[in-house]
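Residue-level listing of the chains:
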Amino acid sequence: MPLNLEDLWKAVDPERLRRLLVEMVDIYSPSGKEEDIQLFLEEQLHGAGFAVRRQEVEEERYNLVVPLGWREPRLYLVGHVDTIAAWDLEDYGARDAQGLIHGLGSADMKGGCAAMVETFLALATALPPEQRPPVGLLLVVGEEENGDGSATFLESTRPPWVVIGEPTGLNPCFAHYGYLEAGFVTSGRRTHSSLPELGHNAVESMLRVLLHLGRDPLFERSSSEIAYSIRELTSSRAGFVVPDRCEAWIDLHLPPTGDPAEVEAAIRARAETAERLIPDLDLELQFNFAARGYDLGTNNPLARTLAALYPELGLKGGTDAFRSHSDGNLFFEAGVKPLILGPGALEVAHTPDEHTPFAEVLAAAKIYAALCMQVDSL
C-alpha cells in the first residue's frame, strides 16, 4: 500500500464532492443533449488547473479528456455524463435526504462521474506534478444510446486498463455480461374491430410468438443464465380496427461466456417452429446490435489492490459480473481491460426512484485514488 494513501484520502473533500454531485444531477443531460453538463464539468476542471481537451463526437457533442501526470495514461477513469430521458421534466433534479442523493442519473452514473472528478482534484492537491501517476479522466457522451462517445475515444486511444463507474454497489466487476437486441415484427390483415374473423390480428400473433419463445428452455428464468426482458411492444394505431402490425423489442443479457451468435441462432430456430404452430403467421426478425461478454479473472494488479484495500475502508470483498450492457463491452472488444466499479445500485437505475448512497460515492473517490496510485504496476 502506498505510504501516502492516508494523506491522499484526506485530500478527498466530502462537502465539495456532495455539492458537485448535486449540481450534476440538477443539470438535465439526456443522450444527445450533454453539452450543458460538459460545460459545467469543463469549468470545474479548468478552475482546478487541469488541461481539459474536448474530443468532438459530433456537432455540439464532445467527450472531455483530462490527463493527470506528464506520462501517457496507462489507466483511465471513465464515466458517461448522459442519462435516459426524464420521467418527469418537472421533477428530475437532485434531492439530498437521509444520506441518499436522489434524482435522474444519480446512480447511472453521475455518482461515479462525481467521484472520479473528486479523485482527480484530490490527486492534484496531494501530489506535486512530477509525482502524479500516468492516469487520465474520460467523461463521455452517448452511452445510454449507442456508445458513440467511447467509440470515438477508442479510434485514437487504447490504454491497457479503464475503470468505468457504472453502479455496482462498489462491488468490483472484472466480468461482464454480453448483450443481444432482438426485434420482432408480425404483420396481419386490417379489418373493422367488430369483425375480427375477417382480419388477422398482428398483436395476437405477436403474443403467441412471445409465449412460444418464453417456453424454450434457453429462456426459462428459473434455470437459464440468460436474462431477457420484453422492452417494447407496440402496434399500429388506426382507430377501431384489428391491428395489422405489431413490433416487439427484447433485451437479452448473456453470461460472460455466452455467444450472442448462438443465441441469435436459437431464437431463429424457435421462430421457425412458431410458424408451424401459429396460423397465418407473418414474422420478421432483426438483430441490430450484439456485444460479447468477457471475464478478465482476478489475477491482476487491480484485483490484488482492491482485495487489500477494501478491509481498510470497511467494505466487503468479492467480485461479480456486471449484468447490464455498458461501454465496457466496447473497450474490451478494442483490446482494453475494463473494470466496472461504481457507487449506486443497478436495480434503481432508470427508475423514478433512482438514488445513490453518498457514503458509496465518497468511498468510490477513495477507491479510484488508490487504484490510480497503483497504475505503474499494470
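See above for the structure.
Residues numbered from 1 in each chain as written. Predicted model: local features only at pLDDT ≥ 70, side-chain atom pairs only at ≥ 80, totals over all residues. Heavy atoms only, no water.

**As for the packing of helix H2 (residues 14-26) against helix H4 (residues 106-126)**
Then, in step 1: Their axes nearest at 9 Å, the elements H2 and H4 cross at an angle of 140 degrees. As the angle between them shows, H2 and H4 are arranged oblique. Relative to H4, the crossing made by H2 is right-handed. Across from Arg 16, Leu 17, Leu 20, Leu 21, Met 24 and Val 25 in H2, the residues of H4 making contact are Ser 106, Lys 110, Gly 111, Cys 113, Ala 114, Ala 115, Val 117, Glu 118, Leu 121 and Ala 122. (Axes fitted to C-alpha atoms, helices over the stretch in contact; angles between N-to-C directions. Helix = DSSP H or I, 4+ residues; strand = E, 2+ residues; numbered from the N terminus. Parallel < 35°, antiparallel > 145°, perpendicular 65-115°, else oblique. Left-handed = near helix turned anticlockwise from the far one by under 90°. Contact = heavy atoms within 4.5 Å.)

**Concerning the pairing of strand E2 (residues 61-67)**
Across a regular strand the side chains alternate sides, sitting on one face of the sheet and then on the other.
Then, in step 1: Among the 7 residues of E2, 6 are classified as buried, and the element is accordingly described as predominantly covered.
Then, in step 2: Pairing analysis gives 5 bridges linking strand E1 (residues 53-58) to E2, with the strands arranged antiparallel. Following the sheet pairing, Glu 56 is matched in E2 by Tyr 62.
Then, in step 3: Counting the residues in the hairpin turn of E1 and E2 gives 2 residues, including Glu 60, whose phi is positive at 65 degrees.
Then, in step 4: Looking at chain direction, E2 and strand E6 (residues 135-140) are connected through 4 bridges and run antiparallel. Note that in E6 the partner of Val 65 across the bridge is Leu 138. (Buried < 20%, exposed > 50% of the residue type's maximum accessible area, 1.4 Å probe, protein only. Pairing = 2+ DSSP bridges.)

**Structural notes on the environment of Leu 362**
Then, in step 1: You can see Leu 362 is positioned in helix H10 (residues 358-373).
Then, in step 2: A relative accessible area of 19% means that Leu 362 is categorised as buried.
Then, in step 3: Residues Leu 362 and Leu 20 lie 342 residues apart in sequence; the distance between their C-alpha atoms is 12 Å.
Then, in step 4: Beyond its immediate chain neighbours, meaning those up to four positions away, Leu 362 contacts Val 12, Pro 14 and Leu 17.

**As for the side chain of Thr 356**
Then, in step 1: Mapped onto the elements of the fold, Thr 356 is located in strand E16 (residues 355-357).
Then, in step 2: For Thr 356, the side chain forms a polar contact with the main-chain nitrogen of Gly 344, separated by 3.2 Å.
Then, in step 3: When sequence neighbours within four positions are dropped, the list of residues in contact with Thr 356 reads Leu 21, Gly 99, Leu 100, Ile 101, Ser 106, Ala 107, Pro 343, Gly 344 and Val 361. (Polar contact = N/O pair within 3.5 Å; in protein donor to acceptor, adjacent residues only side chain to side chain.)

**Focus: the pattern of salt bridges**
Then, in step 1: Counted under the stated rule, the structure contains 15 salt bridges.
Then, in step 2: The partner of Asp 251 in a salt bridge is Arg 231, with the nearest N and O atoms 2.6 Å apart. Remark: Arg 231 occurs in strand E10 (residues 227-235) and Asp 251 occurs in strand E11 (residues 245-254); sequence separation between them is 20 residues.
Then, in step 3: Taking relative accessible area as the criterion, Arg 231 reaches 35% and is therefore assigned partly exposed.
Then, in step 4: Measuring nitrogen to oxygen at the nearest pair gives 3.2 Å for the salt bridge that ties Asp 259 to Arg 292. With Asp 259 in the loop between E11 and helix H7 (260-277) and Arg 292 in the loop between strand E12 (283-291) and strand E13 (294-295), this pair connects stretches of sequence that are 33 residues apart.
Then, in step 5: Look at Asp 259 and you get partly exposed, because its relative accessible area is 21%.
Then, in step 6: A single salt-bridge network, built from bridges that share partners, covers Glu 34, Glu 58, Arg 61 and Asp 148. (Salt bridge = Lys/Arg side-chain N within 4 Å of Asp/Glu carboxyl O.)

**Brief notes about the environment of Ser 193**
Then, in step 1: Structurally, the position occupied by Ser 193 is in the loop between strand E9 (178-187) and helix H6 (202-214).
Then, in step 2: Judged by relative accessible area, which is 26%, Ser 193 ranks as partly exposed.
Then, in step 3: As for Ser 193 and Val 242, which are separated by 49 residues in sequence, their C-alpha atoms are 5.0 Å apart.
Then, in step 4: Those residues in contact with Ser 193, other than ones at most four positions away along the chain, are Phe 240, Val 241 and Val 242.

**Notes on helix H8 (residues 301-312)**
Then, in step 1: Relative to the 16 Å expected for 12 residues at 1.5 Å per residue, H8 spans 17 Å between its end C-alpha atoms, a close match to the ideal helical length.
Then, in step 2: Residues of H8 that are buried include every one of Pro 301, Leu 302, Ala 303, Thr 305, Leu 306, Leu 309 and Tyr 310, and no others.
Then, in step 3: Packing partners of the buried residues in H8 comprise helix H1 (5-10), strand E3 (75-80), strand E7 (161-164), strand E8 (173-176), strand E15 (337-340) and H10.
Then, in step 4: A side-chain oxygen of the first residue of H8 lies 3.1 Å from the backbone nitrogen of Leu 302; this N-cap is Asn 300.
Then, in step 5: Note on H8: the residue one or two positions beyond its end, Gly 314, has a positive phi of about 70 degrees. (Expected span 1.5 Å × (residues − 1).)

**Regarding the packing of aromatic side chains**
Then, in step 1: Overall, the coordinates contain 8 aromatic pairs when judged by the stated rule.
Then, in step 2: Aromatic side chains Tyr 28 and Tyr 92 sit 5.0 Å apart centroid to centroid with 40 degrees between the ring planes, which places their arrangement in the tilted category. Separated by 64 residues along the polypeptide, Tyr 28 in the loop between H2 and helix H3 (35-47) and Tyr 92 in the loop between E3 and strand E4 (95-97) bring together distant segments of the chain.
Then, in step 3: A relative accessible area of 25% places Tyr 28 in the partly exposed class.
Then, in step 4: Ring centres 6.3 Å apart and planes at 90 degrees place the aromatic pair Trp 161 and Phe 174 in the edge-to-face group. (Phe/Tyr/Trp six-rings, centres within 6.5 Å; stacked < 30°, edge-to-face > 60°.)

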